[in-house]
Amino acid sequence: MRELREKLLGYSYLFEERIFSVLSEAVKEVGISLSKTRLKEISRETFSGIFQPEKVPTLVYVHGIKLTSGTVFSKFVSTLLKLQREIKEVSKQIHLSYFEREMFFEKVDSFVEELLLETIAYRLSRLEQEIDRGRLSQNYIKKLVHDFRQLLLSQMILLSNISHEMRTPLNALLGYLQILKDDNEISPEKKIYIENATVSGEVLLRLINDVLDAAKISAGQLELYPQPFWLDSVAISIWKTFKQLAAVKGLKFNISSTPVPYMLLGDKERIIQIINNIVSNAVKFTEKGFVNVVIEKRKETLEELELLITVKDSGCGIPEEKKDELFKPFKRLQREQQGTGLGLFISKNLAKRMGGDLWFESKEGKGSAFYISLRLPKVPLLQEQPLKGRRFVILYGKDCPSFVCNVLENQCTLLGAKIKRYMCAKRLMEDILKNRISKIDYFIVVEPIDDKIFPSSIVDVMRFILGKGECRYLLISEDENKKKKKPKVFDYVFSSYISIEDILDIEKEKEKEKEKEKEKEKEK
């Protein structure tokens, strides 16, 4: 840090010049008379204060000048935030390494945050004096409320800026770790270290995202990005995220989703975030028993669907004295609990933004039930049917959640396809041998299946009986080896589920193959 400080002090004139410009403009706006010499002194003290935190309190009095004045107080706060941006901008003109620049940015953020806190303390002490003297009128009190709202908004903007700048390098680090994970030349032992680093990085990224979301909510700047989506795909995402975590703790994890044969319009990622926050807490605070998730219709009109998502667990429950504080920011159920304490605060605000709400019922020692209501517009049905006449056969096991098949069936049926499901390979073979199924365009195997037979063997038999044809054989599997090295009998391997976009891409490939065959025939 000492070397960095000496390097930056060599360019102090650049920083002081920019600080002088910002302060001159601020002083002029509020009508304070200060000589050029005095402003230059303040600029010098400001820059040196970044590296000397012990000088911060005195800087407040120097810069604040008349902090009892509401106008100057508000201007001082906005000036601090402007200084923060300008000082960082100047540093980009200096040749610094990536880590030197990040270290300097951290110092600047810490310096500005300290100044804000000292400003509040100083302002409050002066207000106490005014109150004691009985000098505050009703209009003045209203002005103070406005000032402090502005200050809180400024703090949230500061938090937002810091979170953005932390998230960018962290995303880069996670990207590099992913490259290392995929490198076959790295030893298994070192891959464990990389995996641990990745998990830690992802936890940190979630914490940063929570702080950023909370800052946006408080500043009224949180935006939603509605896109058409299938409801079952939300259930699949939740199931994929938590089934292994629940299994590790020995919990029964069940999820069910009411089939909805049309798309909804909403911010799918935010909806998943809300449910993830609730389910994550349920798994975290349940030592034995179950965690159940139910996604169902609550009300429906021609244009809108109201969803009710229920998350029940057999966990520790919530103490009576903690219930009123549960949705407040930075409140945690247990002191030793990891996290920011922002998850429920963010989730409730997101639910309200989507026309719904978030509430709960709980008894200490007997578990909890959280309820999420969301109101989402329906997406008008498509007129064209690009899969009209296509026949799909799906083979799956009893342990496969129904919504994995539902999402594909709903989408393909809507686009004109015909779907037939089988939970027994033997019955499927019987139907093929007896010509109950004469034509198949897509055969999909969803692992794990219950038959004492390998999916590859089933496909071999089907290829022999049906001939080559135009059938495409697809496998949905979470087996990492099958994802890396596709079994020869299958044309495609997917993880978790197949989207309609995947099917339409295969259709395009089939069309290209037909065109190539026609060109070959013409050449002959």
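About the thresholds
- Residues numbered from 1 in each chain as written.
- Predicted model: local features only at pLDDT ≥ 70, side-chain atom pairs only at ≥ 80, totals over all residues.
- Heavy atoms only, no water.
- Helix = DSSP H or I, 4+ residues; strand = E, 2+ residues; numbered from the N terminus.
- Buried < 20%, exposed > 50% of the residue type's maximum accessible area, 1.4 Å probe, protein only.
- Contact = heavy atoms within 4.5 Å.
- Areas by Shrake-Rupley, 256 points an atom, 1.4 Å probe, with all protein chains shown as cover.
- Phe/Tyr/Trp six-rings, centres within 6.5 Å; stacked < 30°, edge-to-face > 60°.
- Lys NZ or Arg CZ within 6 Å of the ring centre and 35° of its normal.
- Pairing = 2+ DSSP bridges.
- Axes fitted to C-alpha atoms, helices over the stretch in contact; angles between N-to-C directions.
- Parallel < 35°, antiparallel > 145°, perpendicular 65-115°, else oblique.
- Left-handed = near helix turned anticlockwise from the far one by under 90°.
- Nonpolar A, V, L, I, M, F, W, Y, C, P; charged D, E, K, R; others polar.
- Salt bridge = Lys/Arg side-chain N within 4 Å of Asp/Glu carboxyl O.
- Patch = residues over 30% accessible without salt bridge, like charges linked within 9 Å, V, L, I, M, F, W, Y side chains within 5 Å.
- Lys, Arg positive; Asp, Glu negative; His and termini not counted.
- Charge placed at Lys NZ, Arg CZ, Asp CG, Glu CD.

Caption draft 1: Seen up close, the overall build of the protein. Counting secondary structure elements, the protein contains 16 helices and twelve strands. Taken across its 524 residues, the protein has 44% of its residues classed as buried. Restricting to contacts in the protein with at least 6 residues of sequence separation, those with at least 24 account for 72%. A total accessible area of about 29700 Å² is found for the protein, and carbon and sulfur atoms account for 52% of it.

Caption draft 2: Up close: helix 11 (residues 343-353). Here helix 11 lies mainly inside the structure; eight of its eleven residues are buried. Residues of helix 11 that are buried make contact with helix 8 (188-218), helix 10 (268-284), strand 6 (357-362) and strand 7 (368-377). After helix 11 finishes, the residue Gly355 shows a positive phi value of roughly 75°.

Caption draft 3: The packing of aromatic side chains, seen in detail. Applying the stated rule across the entire model yields seven aromatic pairs. Where Phe242 meets Phe253, the ring centres are 6.5 Å apart and the plane angle is 55°; that geometry is what we call tilted. Remark: Phe253 occurs in strand 2 (residues 252-257) and Phe242 occurs in helix 9 (residues 231-248); sequence separation between them is eleven residues. Phe253 carries the same exposure label as Phe242, and that label is buried. Through successive ring pairs, a cluster of aromatic residues spans Phe327, Phe360 and Phe370. Just above the ring of Trp239 sits the side chain of Lys243; from NZ or CZ to the centre is 4.2 Å. It is Lys348 that lies over the ring of Phe327; its NZ or CZ is 4.7 Å from the centre.

Caption draft 4: Broad picture of the sheet that holds strand 9 (residues 418-422). The sheet built from five strands is open, its strands ordered 9-8-10-11-12 with parallel pairing. Lying at the two open borders of the sheet, with one neighbouring strand each, are strand 9 and strand 12 (492-494). Ignoring strand direction, the axes of neighbouring strands in this sheet form an average angle of 20°. Inspection of the sheet shows strand 8 (residues 391-396) paired to strand 9 by five bridges, in the parallel sense. From the neighbouring strand, Phe392 faces strand 9, where its bridge partner is Ile419. Along the sheet, helix 12 (residues 402-414) contacts strand 8, strand 9 and strand 10 (442-446); its crossing angle with strand 9, the most-contacted strand, is approximately 160°. Set on the sheet, helix 13 (residues 425-433) makes contact with strand 8, strand 9 and strand 10; between it and strand 9 the angle comes to about 130°.

Caption draft 5: Spatial organisation of the packing of helix 8 against helix 11. Axis separation between helix 8 and helix 11 bottoms out at 10 Å; the angle between their running directions is 45°. In terms of orientation, helix 8 lies oblique with respect to helix 11. When you trace helix 8 past helix 11, the crossing you get is left-handed. Residues Asp210, Asp213, Ala214, Ile217 and Ser218 of helix 8 form the contact with helix 11, whose own contacting residues are Phe345, Ile346 and Asn349. Split by residue class, the contact of helix 8 with helix 11 holds four nonpolar, two polar and two charged.

Caption draft 6: Main features of the pattern of salt bridges. The tally for this structure, following the rule as stated, stands at 13 salt bridges. In this structure, Asp357 engages Lys348 in a salt bridge whose closest nitrogen and oxygen atoms are separated by 2.9 Å. According to the relative accessible area criterion, Asp357 is partly exposed, its value standing at 26%. Between Lys510 and Glu507 there is a salt bridge whose closest N-O contact spans 3.8 Å.

Caption draft 7: A negative patch on the surface, seen in detail. Side chains of Glu511, Glu515, Glu519 and Glu523 sit close together on the surface and give a patch of like negative charge. Here Glu515 shows up in helix 16 (residues 500-523). Glu515 gets classed as partly exposed once you look at its relative accessible area, which sits at 48%.

Caption draft 8: Looking closely at the environment of Val311. Along the chain, the position of Val311 falls in strand 5 (residues 304-313). Relative accessible area serves as the criterion here: at 1%, Val311 is assigned to the buried category. Expressed as a C-alpha distance, the spacing of Val311 and Ile372, which sit 61 residues apart in the sequence, is 8.5 Å. Excluding residues within four positions of it along the chain, Val311 makes contact with Ile278, Val279, Ala282, Val291, Asn292, Val293, Ser368, Ala369 and Phe370.

Caption draft 9: Structural detail: the sheet that holds strand 7. As summarised here, the arrangement of the five strands in space is 2-4-5-7-6, forming an open sheet in which the pairing is mixed. Both edges of this open sheet fall to strand 2 and strand 6, since each of them pairs with a single strand only. Going from strand to strand, the sheet's axes swing by 15° on average, the running direction of each strand aside. Inspection of the sheet shows strand 6 paired to strand 7 by six bridges, in the antiparallel sense. Looking at strand 7, one finds that Leu358 is bridged to Ile372. Seen against the sheet, helix 9 touches strand 2, strand 4 (290-300) and strand 5 and runs at an angle of roughly 180° to strand 2.

Caption draft 10: Just the side chain of Glu16, in detail. For Glu16, the position within the fold is in helix 2 (residues 12-30). Looking at Glu16, the relative accessible area reads 18%, which means it is buried. Beyond its immediate chain neighbours, meaning those up to four positions away, Glu16 contacts Ser43, Arg44 and Phe47.

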